[in-house]
There are 2 protein chains.
Amino acid sequence: MKLKLLYSDIKPELDLIEQELEQAVDSESPLLNDASLHLLQAGGKRIRPVFVLLAGKFGNYNVDVMKQVAVPLELIHMASLVHDDVIDDSEIRRGKPTVKAEWNNSVAMYTGDFILARALEYITDIDSPRLHHVLSKTMIEVCRGEIIQIEDKYKLDQNLRDYLRRIKRKTALLISSSCELGAMVSGADEKTVRHLRKFGYYIGMSFQIIDDILDFTSSDEELGKPAGSDFLQGNITLPILCARSNPEIYRLLQTNLNKDLTDEERLRIVQTIRNSPAINEAKAISERYLSKALKELNELPKGPARKTMRNIAFFIGKRKF
Amino acid sequence: MKLKLLYSDIKPELDLIEQELEQAVDSESPLLNDASLHLLQAGGKRIRPVFVLLAGKFGNYNVDVMKQVAVPLELIHMASLVHDDVIDDSEIRRGKPTVKAEWNNSVAMYTGDFILARALEYITDIDSPRLHHVLSKTMIEVCRGEIIQIEDKYKLDQNLRDYLRRIKRKTALLISSSCELGAMVSGADEKTVRHLRKFGYYIGMSFQIIDDILDFTSSDEELGKPAGSDFLQGNITLPILCARSNPEIYRLLQTNLNKDLTDEERLRIVQTIRNSPAINEAKAISERYLSKALKELNELPKGPARKTMRNIAFFIGKRKF
């Protein structure tokens, strides 16, 4: 089952948003065009636009209004990805070379800045101070999350709360805002807006935890990058936090942290985590967020949008890569 | 004569803005705080807030409204500086180590992102779609300017138009927008807004050209960084474009472009440009912009604000460092 099949209800609108994204990153500069299109065409799940559109179905759905929110939210996400690759020194993402690898750090940095500026240009057309507030607050939190991620790198002794706060800022908030803003601009009532915001938050947390698990349980081919990349880059994720209670694993992790590892050493760590109970412990935490997300959905009126959201939530919770 | 003496009319408001800037970059993260304060305390001329305030004097001046525009404009400028230092691999700015030198590229990148997000948060409180449009357009052009600067690096054969377009985007637009927006939010009439926008553009062009000249004519100590840094970083500025018509200088530049130069080699190039007619040619172009700026001022009502703007314009046109 592919995620995109779940989107079939909103396929024409998503195609429209894809076109708009291409137009949005268009510029006179050949270098900027190439880098932005490279990033856009590397794909992605377009989770944020999907949630904007679906949330809009709970109000007065007007695709021209929805796209004004969906496009900038995906652009903000893209900008953060291209800056992430600089931080993490990532050579490859989704099986393709990153902008920083294909060009360099400087091009990656300004491509991110440019895409962000384009996002802002889109948003200026929306006359809603509340929307602007939600968005700027979200962007600030995303940036703070990124800085905290740098601060927390290579710290094996951080606690679970540090991790959860980090992924909230890094991932959950933007998904939460997508749901919230989609509902808000379609004029959905306050109660609906609130439930959708919470749904987005919980599903975002679940989504990121699964992502962090897959970094250990998937193959290099499935991931489109080397398994264990998070550990290589010093990012301490949930599977590691669960696994470290075993003193032997703790020593193994501690010894290999912040070192240039051979492929063999890297795979040994990946295997150790994969075969430990940590994976199931992390999955259980993800499932708790998933069921909280589903509870929020149950508070919303029945209909095809709720059903699609439910299916996507299940897919995210159970996905293999 | 120091530039700050010219600001005495608006000193209390500028102090207020300085406090607001400090609050704006405050965050829970110690790393982010340190990096942002480091950047803020490295100082700068605060030209953009000054122009916002002075432009506001042509309408109904209310300092609480003016600061809502002045603070984000300075923040946007600061964010672009910290990203510039990554691009240019600058170790030192205004006599102090840059954020990228004191910490690293990643911290510099996210400090810039964070400061930018804070700027946006400030702006969201202003209910003026037109203002939001001007600002997002300006930010897009600034980013495009930066990317074009990367594309144009080390190209000794570019033409004058390329250079002028680059400094327009890099510097003149943000100063122009400062004047325009200051006038706009204070409710000045359309004619005044237009003249102030043009004044800002011309003075911004003059300002950047002088900056590019000083990179050759000042000492390392006066600049707070090595003289000739622009050339070292591959940025082809107006003095170089003027000097290259001499075949001997052209060969010297061509041979030393994109190479690791010793201090001696660097100073030889700086001396050659400094002693060539290129400096006076570049100054003449700067003066043409300066007189265009003064013409725009003459169209505005007489008064202390116009006088201060005039004094600042002259100072910028004649400054030694």
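Refer to the structure presented above.
This one's a predicted model, so the numbers in the text were calculated from it and none came from an experiment.

S.K.: I'm lost on the overall build of chain A in this one. Help?
M.R.: From N to C terminus, chain A includes 17 helices and 2 strands. Radius of gyration (C-alpha) of chain A: 19 Å, near the 20 Å computed for a compact globule of 321 residues. In terms of principal-axis extent, the alpha carbons of chain A reach across some 55 × 50 × 35 Å. Within chain A, buried positions represent 61% of all 321 residues. By sequence separation, contacts in chain A at least 24 residues apart represent 76% of the contacts at least 6 residues apart.

S.K.: Sorry if this is basic, but what is going on with the relation of the copies chain B and chain A here?
M.R.: Comparison of the two chain copies shows a relationship of rotation about an axis with a shift along it. Once chain B has been moved 0.0 Å along the axis and rotated by 180 degrees, it coincides with chain A to within an RMSD of 0.0 Å. The transformation relating the two chain copies, once decomposed into turn and shift, fits a two-fold axis. For chain B, the residue whose C-alpha comes nearest the rotation axis is Met109(B), separated from it by 3.7 Å. Of the interface residues in chain B, 100% have counterparts in chain A that sit at the interface too, so the contact is made through matching surfaces.

S.K.: How should I be thinking about the packing of helix H7 (residues 105-124) of chain A against helix H5 (residues 63-88) of chain B in this particular structure?
M.R.: For any two helices packed against each other, the geometry comes down to the angle between their axes and how far apart the axes lie. Look at H7(A) against H5(B): their axes get within 9 Å of each other, and the N-to-C directions meet at 155 degrees. Considering the angle they form, H7(A) stands roughly antiparallel to H5(B). At the point where H7(A) passes H5(B), the crossing takes the left-handed sense. Listed contacts from H5(B) to Ser106(A), Met109(A), Tyr110(A) and Asp113(A) of H7(A) are Ser80(B), His83(B), Asp84(B), Val86(B) and Ile87(B). Here the residues of the contact of H7(A) with H5(B) sort into 4 nonpolar, 3 polar and 2 charged.

S.K.: Please clarify how helix H14 (residues 247-256) of chain A should be interpreted in this entry.
M.R.: Every α-helix winds through 3.6 residues per turn, so residues three or four apart in the chain are directed the same way. Residue and element names in this part refer to chain A. For H14, every residue scored as buried is listed here: Ile 249, Leu 252, Leu 253 and Asn 256. Looking down the long axis of H14, one finds its buried residues gathered within 95 degrees of arc, a one-sided arrangement. More than 90 degrees from the buried face of H14, the exposed residues found are Pro 247, Arg 251 and Thr 255. In this fold, the buried residues of H14 make contact with helix H12 (229-232), helix H13 (238-243) and helix H15 (263-274). The opening residue of H14 is Asn 246, an N-cap whose side-chain oxygen sits 2.8 Å from the backbone nitrogen of Glu 248. Just downstream of H14 lies Asn 258, where phi reads positive at about 60 degrees.

S.K.: Would you take a moment to explain the interface of chain B and chain A for this structure?
M.R.: The parts lose accessible area when they come together, and the size of an interface is often stated as this lost area. If you look at the interface, chain B gives 41 residues, while chain A gives 41 residues. For the pairing of chain B and chain A, the buried interface totals around 3,700 Å² over both sides, and the portion due to carbon and sulfur atoms is 70%. Among the residues chain B hides against chain A, the three largest losses belong to Tyr110(B), Arg144(B) and Ile147(B). Together they make up 17% of the total. In this structure, the connection of chain B to chain A is made through 2 salt bridges. Inspection of the region where chain B meets chain A yields 8 residue pairs in polar contact (both at pLDDT 80 or more). Elements with a minimum of two residues in the side of chain B that touches chain A: helix H3 (30-41), H5, helix H7 (105-124) and helix H8 (129-152) of chain B. Among the elements that take part in the side of chain B that touches chain A, H7(B) stands out by supplying 14 residues, more than any other. In the side of chain B that touches chain A, the residues fall into 18 nonpolar, 11 polar and 12 charged.

S.K.: Is there a simple way to think about the packing of aromatic side chains in this case?
M.R.: The relative placement of two aromatic rings is captured by the distance of their centres and the angle of their planes. Residue and element names in this part refer to chain A. In total, this model carries 6 aromatic pairs over all chains according to the counting rule given. Where Phe 51 meets Phe 199, the ring centres are 5.7 Å apart and the plane angle is 85 degrees; that geometry is what we call edge-to-face. You can see Phe 51 sitting in helix H4 (residues 47-56) and its partner Phe 199 sitting in helix H10 (residues 190-217), a full 148 residues away along the chain. Its relative accessible area of 1% is what places Phe 51 among the buried residues. With relative accessibility at 0%, the residue Phe 199 sits in the buried group. A connected cluster of aromatic rings, assembled from ring pairs, spans Tyr 201, Tyr 202 and Tyr 289. Directly above the aromatic system of Tyr 61 lies the positively charged group of Lys 57, at a separation of 4.1 Å from the ring centroid.

Here is what the cut-offs are and how they apply
Residues numbered from 1 in each chain as written. Chains lettered and ligands numbered in written order. Predicted model: local features only at pLDDT ≥ 70, side-chain atom pairs only at ≥ 80, totals over all residues. Heavy atoms only, no water. Helix = DSSP H or I, 4+ residues; strand = E, 2+ residues; numbered from the N terminus. Rg over C-alpha atoms; globule rule 2.2 N^0.38 Å. Buried < 20%, exposed > 50% of the residue type's maximum accessible area, 1.4 Å probe, protein only. Contact = heavy atoms within 4.5 Å. Least-squares fit on C-alpha atoms with pLDDT ≥ 70 in both. Axes fitted to C-alpha atoms, helices over the stretch in contact; angles between N-to-C directions. Parallel < 35°, antiparallel > 145°, perpendicular 65-115°, else oblique. Left-handed = near helix turned anticlockwise from the far one by under 90°. Nonpolar A, V, L, I, M, F, W, Y, C, P; charged D, E, K, R; others polar. Arc of directions from axis to C-beta. Polar contact = N/O pair within 3.5 Å; in protein donor to acceptor, adjacent residues only side chain to side chain. Buried area = accessible area lost by both parts, 1.4 Å probe. Salt bridge = Lys/Arg side-chain N within 4 Å of Asp/Glu carboxyl O. Phe/Tyr/Trp six-rings, centres within 6.5 Å; stacked < 30°, edge-to-face > 60°. Lys NZ or Arg CZ within 6 Å of the ring centre and 35° of its normal.

The analysis is restricted to geometry; functional conclusions fall outside its scope.
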